[in-house]
Amino acid sequence: VLFPLGLLLAISMVGAVILFSRRRLSPLGELKIGIDRREFIVHYQPIIELKSGACVGAEALVRWQRPDGSIMRPDLFIPLAEESGLILGITDQVIALVIREMKSILATDHNLHIAINLSASDIKSGRALTVLGKALLNSGIQPQQIWLEVTERGFMDIDTTRATIERARALGYTVVIDDFGTGYSSLSYLQEFRLDALKIDKSFIDTVGTDSVTSSVTPHIIGMAKSLKLKIVAEGIETKAQADYLLEQEVEYGQGWLYAKALTSTGFIQYYWHNKLLSSPPNKKPDRNG
Ligand code: C2E
Ligand code: MG
Ligand code: MG
Ligand code: MG
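Residues numbered from 1 in each chain as written. Chains lettered and ligands numbered in written order. Predicted model: local features only at pLDDT ≥ 70, side-chain atom pairs only at ≥ 80, totals over all residues. Heavy atoms only, no water.

**Q** So what about the coordination of the magnesium ion (ligand 4)? Which residues, and what values?
**A** For the magnesium ion (ligand 4), the full set of protein donor atoms is D179 (OD) and E235 (OE), and the range of their distances to it is 2.3 Å. Metal-to-metal, the separation of the magnesium ion (ligand 4) and the magnesium ion (ligand 3) is 3.1 Å; D179 coordinates the two. Of this pair, D179 sits in strand β6 (residues 174-180) while E235 is found in strand β8 (residues 231-235), placing the two residues 56 residues apart along the sequence. With respect to burial, D179 and E235 carry one shared label: buried. (Donors = N, O, S within 2.8 Å, 3.2 Å for Na, K, Ca; no water. Helix = DSSP H or I, 4+ residues; strand = E, 2+ residues; numbered from the N terminus. Buried < 20%, exposed > 50% of the residue type's maximum accessible area, 1.4 Å probe, protein only.)

Next up, the structure:
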């Protein structure tokens, strides 16, 4: 009886020392260790073709799985990672995970896409494109299945940004401007860069059907994106009324809690197959024209 008790005590003491020493680290130190230990995981939020309800892709959203098992949301560590340049290491892990976890469905269904978020440093260094290129080699995944989401926050230096965006598009990736409308000079960026898609920020979707001043701006963003021949994705759709409005405005794609929250990789793969089954021909109701 004594031996296992002693062992238990020893183990809990070692545990306490590890916990204690990690707790003494600065947030930056914690982040460094988290990256070294590859503690980052990716959740996938389905992206829906609004008209058909078909799942056409997912956005990869990083989370930090702490040693205590808790999961930290990106808003709490991405800013620090961006300031410190450590984001490059996180992006590497996100790309590796996305390709590993989604390889088989992406290689099977070339109409499916995964959107990856890039930060300013990612765009500046261009490293993400090299890492992606290597990961995609012999994977059976086509570059246009990878959507790269860039935000205005990421556009520090116009010339470097333009060069990276052009390189990404030349390699076949789909480039999306994320959180559109929340920055200071959204409009000028649409002129500066050639993009493939525009993601309308949740704050605009939130105002649909309200009498907020912003609600009158939303149709103009949609109209502008259309005249520039950009694909449109609406983010943060929570209500049927919002979805109906977007359908009426002929917005092609959307994501939000109305459809699904961000899911684990297995959760997303299940969602994808379930969604495919529901919209497959044998179960489809005949349309009015027969
Ligand atoms: P984002 O790129 O604008 O991602 C959309 C955020 O909105 C996600 O939060 C998503 O979970 C949330 N969302 C989606 N639909 C709904 C909805 O219907 N209602 C509500 N209330 N929220 C919804 P999340 O996962 O916390 O990510 C926050 C931000 O962190 C992202 O905003 C993105 O800017 C950043 N981020 C996430 N993953 C990465 C990454 O791998 N790399 C980089 N650089 N940034 C990332
Ligand atoms: Mg995004
Ligand atoms: Mg967004
Ligand atoms: Mg957003």
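Once you've had a look at it, read on.
**Q** Let's hear about helix α7 (residues 158-170): which residues, and what values?
**A** With 13 residues, α7 extends 18 Å from end C-alpha to end C-alpha; this agrees with the ideal 18 Å at 1.5 Å per step. Of the positions making up α7, those classed as buried are T161, T164, I165 and A168. Along the axis of α7, the buried residues cluster in a sector spanning 100°; they form a single face. Within α7, the exposed residues directed more than 90 degrees away from the buried face are D159 and A170. For α7, the elements touching its buried residues are α5 (120-125), α6 (127-136), β5 (146-150) and β6. Structurally, the start of α7 carries an N-cap: the backbone nitrogen of D159 is 3.0 Å from a side-chain oxygen of D157. After α7 finishes, the residue G172 shows a positive phi value of roughly 105°. (Expected span 1.5 Å × (residues − 1). Arc of directions from axis to C-beta. Contact = heavy atoms within 4.5 Å. Polar contact = N/O pair within 3.5 Å; in protein donor to acceptor, adjacent residues only side chain to side chain.)

**Q** Can you explain the coordination of the magnesium ion (ligand 3)? Please cite residues and give values.
**A** Bound to the magnesium ion (ligand 3) are the protein donor atoms D178 (OD), D179 (OD) and E235 (OE), situated 1.9 to 2.5 Å from the metal. Within one chain, the residues donating to the magnesium ion (ligand 3) are spaced in sequence as D-D-x55-E. In this structure, the magnesium ion (ligand 3) is positioned 3.6 Å from the magnesium ion (ligand 2), and both are ligated by D178.

**Q** Can you tell me about the site of ligand 1, naming the residues and giving the values?
**A** Of all residues adjacent to ligand 1, which total 24 residues, the nearest are R63, S119, D178, E238 and W257. One nitrogen or oxygen atom from the side chain of R63 is found 2.9 Å from an oxygen atom belonging to ligand 1. Contact distances for ligand 1 include 2.8 Å between a nitrogen atom and a side-chain N or O atom of S119. Relative to its unbound accessible surface of 800 Å², ligand 1 loses 88% to contact with the protein. Judged by its atoms lying within 2 Å of the grid points, ligand 1 is housed in the largest pocket. Looking at the shell around ligand 1, the elements that each hand over two or more residues are β2 (55-65), α4 (87-108) and β6. Tallying contributions element by element places β2 first for the shell around ligand 1, with 4 residues. Residue composition of the shell around ligand 1, grouped by class: 8 nonpolar, 5 polar and 11 charged. (Near = heavy atom within 4 Å. Areas by Shrake-Rupley, 256 points an atom, 1.4 Å probe, with all protein chains shown as cover. 1 Å grid on protein atoms, 1.4 Å probe; cavity = no way out; pocket = protein on both sides within 12 Å on 5 of 7 lines; lining within 4 Å. Sits in = over half its atoms within 2 Å of the grid points. Nonpolar A, V, L, I, M, F, W, Y, C, P; charged D, E, K, R; others polar.)

**Q** Tell me what's going on with the pairing of strand β4 (residues 113-118), and back it up with residues and numbers.
**A** The buried count for β4 comes to 5 of 6 residues, which makes it a mostly enclosed element. Judged from the 4 bridges that link them, β2 and β4 form a sheet pairing that is parallel. Across the sheet, G57 pairs through a bridge with H113, a residue of β4. By the bridge criterion, 5 bridges tie β4 to β5 in an arrangement that is parallel. Note on β5: the bridge partner recorded for I114 is I146. (Pairing = 2+ DSSP bridges.)

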